[in-house]
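Now for the letters of each chain:
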Amino acid sequence: MTPLIESRYSEDQLIRFENVSKFYGDVLGVNRVNLQIAPGVTSLVGPNGAGKTTLMNLMTGLIVPTRGRVRVLGIPASDPERFFRVVGYCTQFDSFPRGVTGREFVYDSLRLHGLPHRQALDGADEAIERVNMTDAANRKVAGYSKGMRQRIRLAQAISHHPKVMVLDEPLNGLDPMARAESMALFQNLGAEGLHVIISSHILHEVDRISDQVIFLTSGYVVAEGQVHGVRDEVTDEPVQILVRCANANRVASRLFCEDHVVEARMHEDTRGVLIRTRDANRFYELLNRMVAEEGLEVEAVTPADDDVNSVYRYLIGSEGVNQ
Amino acid sequence: MSAVAATLTAVRRNQLASVVRQELRKNFLRWRGWWVYLLAFAPALIVGAHAISHMMGMDNCELDEDTTILAGIVQLYYLRLGIFFGCMGIFTRLIRGDMIERSLHYYLLAPIRREIVVLGKYLAGVSAASFFFGVGVFLSYFLMYIHHDGAGRSFMLSGTGISHLLAYLSVTVLACVGYGALFMLTGLLFRNPIIPAVVVLLWESINALLPSMLKKLSIIFYLLPLCPVEVPADKLSALFAISADPVRTWLAVPGLLIVSSAILTYACVRIRRIEIDYGGE
């Protein structure tokens, strides 16, 4: 993936980690991370303590690498006046300056960008509207629900129209409606060519919106890229394929004779069979022969473990969290 | 100046003003700071009681005597204790308080130089501290002379009286400038400001006993010579009120500003290295 990215994107379009390590005393944060992140939605996936937040904090300069170098669109975080005009970070810290209302919170942030009063006010209102918080904007943040606090922080992070948005667990605490709206917002921003970096435990939702995924565990990046590509690289786990057809039992019995097939499990309605095979190519060849020579009528053939959750399970070893 | 540089300067000015405004809104006139207000206004309450008792004929005192008492209040109370601890309360919270409340990152994630954040917070702190202690000193001055009827009023309005007031107010502001810079730095360097505050208090207290070179590394050394009235040296308290080797008045103000600027510059260097790790707060 890396050479391809390098050929397609210039330095000022990439987020680049070069051999980055971060230690907190003796405790490892992340180790030897080399990444190049292209525009689009990128999800950081891993269990608690994997290093997702550390990676985001390094990306935004809240912490400094012990070794290595981080550049976002070619700009180091040590140049905040340029850096934070293109970067917006919605952290996991559920805290706010004392006594502010939602509107004041976003407005103050824009004033820190150096905007004059009127522009800051308009910018704040626009961002607040984008996260559907207009009705509550004049209330004190201290009285907000967790989901509202999450949304107002999101408004603050997007208020200056950054090119890179870093969002640490942005779906936490949101109700299903707000979650769907936020996901649509992230997807739109990614489609507009922005970098949207998300960490999340909600793997099936991450799977839906991510252009690429970075899998982390114990401070190491274990895989990165598009989910399908990453799944292809996990060769020691049999591939799961679901075949839907009228005579699934015939397919199952035939497949049992094949040495690359590890398991064939009938679906409850007897119109489907789930195959686990060590050689997907040989399986597809066989299925083609059955269609061509035996007249098998196949309704659908779909990979059953070509998603973030399965890849997570294979790479990191435990079930992903699906909320 | 090029157009780009002019724009950058204007943006930084806006940012500085924004930090000052936000800090004043967060910290100015909040119940949490009641003890700072008490430090600022306690002498005025005592002087007010003294004025009432004098007017009711329960207390007999001369105007000169009250002038000396006022000098003692400013030099022994305000400069040594009131402003010292008030500034400790105000300035150590400016950065450490944000870390405790986990909101410092909002500043660090804005396109603003960290030095401007320090400077903005510092200016807000100096404004607030100068306001409270300035009003406290003014009230003490006013109440100290108002009960002397005609003599008191004419002293207050005379050149001497006004020059005393201006000197006390200037010393108050300069004390806030000096101690403010010091406690801004300790708030950055230490999680618990009590221990460094005690060390600084001791250092400032023994200033009169220190060798000439070391004397210059304190705030009180530059403040005392600016006070218009000497506290009599016949008491133990004179040890804390009079410097045996005073700096010349014309050097005191730039000297204090240089020391404060040096401390503030170091605070700016330190904040560039700060990392957000709220876990330890």
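What you see is a predicted model; the values in this text were computed from it and never measured.

K.L.:
Can you tell me about the overall build of chain A, naming the residues and giving the values?
P.N.:
Within chain A, the secondary structure is distributed over 12 helices and 13 strands. For chain A, the spread of C-alpha atoms along the principal axes amounts to about 75 × 45 × 35 Å. Within chain A, buried positions represent 44% of all 323 residues.

K.L.:
Lay out the overall build of chain B in plain terms, naming residues and giving numbers.
P.N.:
Helix and strand content of chain B: 12 helices and zero strands. Going residue by residue from the N terminus, the α and β elements of chain B occur as α-α-α-α-α-α-α-α-α-α-α-α. The C-alpha radius of gyration of chain B comes to 21 Å, within 12% of the 19 Å expected for a compact globule of 281 residues. Counting only C-alpha atoms, chain B reaches 65 × 45 × 40 Å along its principal axes. Put simply, chain B has 281 residues, and 39% of those count as buried. Put simply, of all contacts in chain B between residues at least 6 apart along the chain, 84% involve residues at least 24 apart.

K.L.:
Can you lay out the sheet that holds strand β4 (residues 67–72) of chain A for me, pointing to particular residues and giving the numbers?
P.N.:
Residues and elements named next belong to chain A. Pairing in this open sheet of three strands is antiparallel, and the strands run β2-β1-β4 from one edge to the other. At either margin of the open sheet sits one strand with a lone partner, and together these are β2 (27–37) and β4. Pairs of neighbouring strands in the sheet enclose a mean axial angle of 20°, with direction left out of account. Where strand β1 (residues 15–24) lies against β2, seven bridges are found, and the strand directions are antiparallel. Within β2, the position partnered with Ile15 by the bridge is Ile37.

K.L.:
Break down the interface of chain B and chain A for me, with residues and values.
P.N.:
Contact residues are listed per partner, giving 20 residues for chain B and 25 residues for chain A. Of all elements in the fold, only α1 (3–27) and α4 (105–108) of chain B reach the threshold of two or more residues within the side of chain B that touches chain A. No other element matches the six residues that α1(B) contributes to the side of chain B that touches chain A. Its residues assigned to classes, the side of chain B that touches chain A shows nine nonpolar, six polar and five charged.

K.L.:
Can you tell me about helix α5 (residues 117–130) of chain A, naming the residues and giving the values?
P.N.:
Residue and element names in this part refer to chain A. The end-to-end C-alpha separation of α5 is 20 Å, in line with the 20 Å expected for 14 residues at 1.5 Å each. Within α5 the residues assigned to the buried category are Ala120, Gly123, Ala124, Ala127 and Ile128. Down the axis of α5, the buried side of the element spans an arc of 130°, and every buried residue falls inside it. The outward face of α5, more than 90 degrees from its buried face, is lined by the exposed residues Arg118 and Glu129. Of the surrounding secondary structure, the elements contacted by the buried residues of α5 are α4 (102–112) and α6 (146–158).

K.L.:
Give me the lowdown on the domain arrangement of chain A, citing residues and values where you can.
P.N.:
The assigned domain composition of chain A is domain 1 (2–232) and domain 2 (238–304). One C-alpha centre belongs to domain 1 of chain A, the other to domain 2 of chain A; they are set 42 Å apart.

K.L.:
Run through unusual backbone geometry, naming residues and quoting values.
P.N.:
Residue and element names in this part refer to chain A. The phi torsion at Asn19 lies on the positive side, around 50°, for a residue other than glycine. Mapping Asn19 onto the fold places it in strand β1. For Asn132, which is not a glycine, the phi torsion comes out positive at approximately 55°. Assignment of secondary structure puts Asn132 in the loop between α5 and α6. Residue classification places Asn132 among the partly exposed residues on the basis of 16 C-beta atoms within 10 Å.

K.L.:
Give me the lowdown on the sheet that holds strand β13 (residues 298–303) of chain A, citing residues and values where you can.
P.N.:
Residues and elements named next belong to chain A. As summarised here, the arrangement of the four strands in space is β11-β12-β10-β13, forming an open sheet in which the pairing is antiparallel. In this open sheet, the two strands that pair with only one neighbour each are β11 (261–266) and β13. The mean inter-strand angle of the sheet, taken between neighbouring strand axes irrespective of direction, is 20°. Of the strand pairs in this sheet, strand β10 (residues 239–245) and strand β12 (residues 272–277) are connected by six bridges, and their pairing is antiparallel. Following the sheet pairing, Val239 is matched in β12 by Thr277. Running at roughly 160° to β11, helix α10 (residues 248–255) makes contact with β10, β11 and β12 of the sheet.

K.L.:
Account for the nonpolar core, naming residues and giving values.
P.N.:
Ranked by size, the top nonpolar core spans 150 residues in total, and within it A:Met165, B:Cys87, B:Cys176 and B:Met184 carry the most contacts. The element contributing the most residues to this core is helix α5 (residues 114–146) of chain B, with 16 residues. Apart from the residues lying within four places of it in its own chain, the contact partners of A:Met165 are A:Gly88, A:Ala157, A:Ile158, A:Leu189, A:Leu194, A:His195, A:Val196 and A:Ile197. Formed by 14 residues, the second largest nonpolar core is a distinct cluster that contains A:Ala252, A:Leu255, A:Val273 and A:Ile275.

K.L.:
Tell me about the pairing of strand β6 (residues 164–168) of chain A, residues and numbers included.
P.N.:
Residues and elements named next belong to chain A. Counting buried residues along β6, five of its five residues qualify, which places the element largely inside the surrounding structure. Bridge count for strand β5 (residues 87–90) against β6 is four bridges, and the pairing is parallel. Counted as the bridge partner of Tyr89 is Val166 from β6. Here β6 runs beside strand β7 (residues 195–199); their pairing, made up of five bridges, is parallel.

K.L.:
Explain the packing of helix α2 (residues 34–55) of chain B against α5(B) to me, and be specific about the residues and the numbers.
P.N.:
Residues and elements named next belong to chain B. Orientation of α2 relative to α5, taken along the N-to-C sense of each, is 5°, at an axis distance of 8 Å. Taken together, α2 and α5 sit at an angle that is classed as roughly parallel. Across from Val36, Tyr37, Ala40, Phe41, Pro43, Ala44, Val47, Gly48 and Ala51 in α2, the residues of α5 making contact are Phe132, Phe133, Val135, Gly136, Leu139, Ser140, Leu143, Met144 and Ile146. Here the contact of α2 with α5 is built from residues that sort into 15 nonpolar, three polar and no charged.

K.L.:
Talk me through α4(A); I want residue IDs and the actual numbers.
P.N.:
For α4(A), the tally of buried residues reaches 11 of 11 residues, placing the bulk of the element in the interior. Within α4(A), the full set of buried residues consists of A:Gly102, A:Arg103, A:Glu104, A:Phe105, A:Val106, A:Tyr107, A:Asp108, A:Ser109, A:Leu110, A:Arg111 and A:Leu112. Buried residues along α4(A) sit against α5 and α6 of chain A together with α1 and α4 of chain B. At the exit of α4(A) stands A:Gly114, carrying a positive phi of roughly 95°.

K.L.:
I'd like a description of the environment of A:Met266, backed by residues and values.
P.N.:
Within the secondary structure, A:Met266 sits in strand β11. Taking the C-alpha atoms as reference points, A:Met266 and A:Val251, separated by 15 residues in sequence, lie 9.8 Å from one another.

K.L.:
Tell me about the confidence of the model for chain B, and name the residues and values.
P.N.:
Residue and element names in this part refer to chain B. Of all residues in chain B, 94% attain a pLDDT of 70 or more, and the chain-wide mean is 87. Of all the helices and strands in chain B, helix α11 (residues 238–241) carries the lowest mean pLDDT, 52, while α5 carries the highest, 95. With pTM at 0.84, the complex prediction returns an ipTM value of 0.82.

K.L.:
How would you sum up the packing of helix α7 (residues 159–189) of chain B against helix α12 (residues 249–272) of chain B? Please name residues and give values.
P.N.:
Residues and elements named next belong to chain B. The geometry of α7 relative to α12 is characterised by a closest axis approach of 9 Å and an angle of 20° between their N-to-C directions. The pairing of α7 with α12 is recorded here as roughly parallel in orientation. The handedness of the crossing between α7 and α12 comes out as left-handed. When α7 is examined against α12, the residues Leu174, Val177, Gly178, Ala181, Leu182, Met184, Leu185, Leu188 and Leu189 are found in contact with a partner set consisting of Val253, Leu256, Val259, Ser260, Ile263, Leu264, Tyr266, Ala267, Arg270 and Ile271. Here the residues of the contact of α7 with α12 are counted per class, giving 16 nonpolar, two polar and one charged.

Cut-offs and rules
Residues numbered from 1 in each chain as written. Chains lettered and ligands numbered in written order. Predicted model: local features only at pLDDT ≥ 70, side-chain atom pairs only at ≥ 80, totals over all residues. Helix = DSSP H or I, 4+ residues; strand = E, 2+ residues; numbered from the N terminus. Buried ≥ 20, exposed ≤ 12 C-beta atoms within 10 Å, placed from the backbone. Rg over C-alpha atoms; globule rule 2.2 N^0.38 Å. Contact = placed C-beta atoms within 7 Å. Pairing = 2+ DSSP bridges. Axes fitted to C-alpha atoms, helices over the stretch in contact; angles between N-to-C directions. Nonpolar A, V, L, I, M, F, W, Y, C, P; charged D, E, K, R; others polar. Expected span 1.5 Å × (residues − 1). Arc of directions from axis to C-beta. Domains from an automatic or database assignment. Core = buried A, V, L, I, M, F, W, Y, C linked by C-beta atoms within 7 Å. Parallel < 35°, antiparallel > 145°, perpendicular 65-115°, else oblique. pLDDT = per-residue confidence, 0-100. Left-handed = near helix turned anticlockwise from the far one by under 90°.

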